[in-house]
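Okay, here's what each chain looks like letter by letter:
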Amino acid sequence: MSLNGVWALEVPSVYGWERISTAFWEKGRYLGGNANFYSQGNYKIKGKNVAISLNIIHHSGNATVFGEKQKKFSVEFSGKKKKNMISGHIYLKNAHSSVASYPTRFIRLADIVQK
């Protein structure tokens, strides 16, 4: 099963699920970002289980993420695929706060255009 494509990253907020990033997944490679940060990493799939490991850079200053203020950080995601959605949790690596995990989901938006 291929996960190659364009994906939206969403987290829960007081108004429901909020879209915070767009990511491009191709052949195990993950590239994503928005107006304030970019992320690079890789993903693996085994059956319906999906694992993602990312390095994230907040390029417009420090951000409060997982209860900690930082410019660079690493996260891991673990979840399950069901149709065009992957649901699970994202975890801050080497967390110092008690807010080290968030429910997260990815929604498939499109295929990656091939030449």
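Each remark here, short or long, concerns the structure printed above.
K.L.:
Residues and numbers for the pattern of salt bridges, please.
P.N.:
A full pass over the atoms with the stated rule returns 4 salt bridges. The residue R105 makes a salt bridge to E10 at a minimum N-O spacing of 2.6 Å. Of the two residues, R105 sits in strand β10 (residues 101-110) while E10 sits in strand β1 (residues 5-13), which places them 95 residues apart along the sequence. You'll find R105 and E10 in the same group, each marked buried. Counted as one network, the salt bridges with shared partners bring together E10, R19 and R105.

K.L.:
Outline the environment of L54, listing residues and values.
P.N.:
Relative to the helices and strands, L54 is located in strand β5 (residues 49-58). Along the chain, L54 and S101 lie 47 residues apart, while their C-alpha atoms are 14 Å from each other. Setting aside its immediate chain neighbours within four residues, L54 contacts Y30, S39, Q40, G41, F73, S74 and V75.

K.L.:
Tell me about the side chain of S21, and please be specific about residues and values.
P.N.:
As for its position among the elements, S21 is in strand β2 (residues 16-26). Within polar-contact distance, the side chain of S21 engages the backbone oxygen of G33 at 3.4 Å.

K.L.:
Quick rundown of the nonpolar core? Include the residues and the values.
P.N.:
Of all hydrophobic cores here, the largest spans 22 residues; its most connected members are L3, W25, Y30, I52, V75, I86 and F106. Those elements giving two or more residues to this core turn out to be β1, β2, β4 (37-46), β5, β6 (63-65), β8 (72-82) and β9 (85-92). Here the element with the most residues in this core is β5; it accounts for 4 residues. When near neighbours in sequence (up to four residues on either side) are disregarded, V75 contacts I52, S53, L54, I56, F66, I90, Y91, L92 and K93.

K.L.:
Describe the sheet that holds β8, listing the residues and the values that go with them.
P.N.:
Sheet architecture is closed into a barrel: 8 strands sit in the order β1-β2-β3-β4-β5-β8-β9-β10, paired in antiparallel fashion. Direction aside, the axes of adjacent strands within the sheet are offset by 30° on average. As judged from the 7 bridges shared by β9 and β10, these two strands associate in the antiparallel manner. Paired with I90 across the bridge in β10 is Y102.

K.L.:
Give a detailed account of the packing of aromatic side chains, specifying residues and quantitative values.
P.N.:
Here the structure, examined in full by the defined rule, presents 6 aromatic pairs. The interplanar angle of 40° and the centroid separation of 5.6 Å between the aromatic rings of W25 and Y30 together place this pair among those described as tilted. We note that W25, like Y30, is buried. Ring centres 4.9 Å apart and planes at 35° place the aromatic pair W25 and Y43 in the tilted group. In this pair, W25 is assigned in strand β2 and Y43 in strand β4, connecting sequence segments 18 residues apart. W25 sits in the buried class, given a relative accessible area of 0%. With relative accessibility at 8%, the residue Y43 sits in the buried group. These aromatic residues form a ring-pair network of at least three members: W7, W25, Y30, Y43, F77 and F106.

Conventions and cut-offs
- Residues numbered from 1 in each chain as written.
- Predicted model: local features only at pLDDT ≥ 70, side-chain atom pairs only at ≥ 80, totals over all residues.
- Heavy atoms only, no water.
- Salt bridge = Lys/Arg side-chain N within 4 Å of Asp/Glu carboxyl O.
- Helix = DSSP H or I, 4+ residues; strand = E, 2+ residues; numbered from the N terminus.
- Buried < 20%, exposed > 50% of the residue type's maximum accessible area, 1.4 Å probe, protein only.
- Contact = heavy atoms within 4.5 Å.
- Polar contact = N/O pair within 3.5 Å; in protein donor to acceptor, adjacent residues only side chain to side chain.
- Core = buried A, V, L, I, M, F, W, Y, C linked by side-chain atoms within 4.5 Å.
- Pairing = 2+ DSSP bridges.
- Axes fitted to C-alpha atoms, helices over the stretch in contact; angles between N-to-C directions.
- Phe/Tyr/Trp six-rings, centres within 6.5 Å; stacked < 30°, edge-to-face > 60°.

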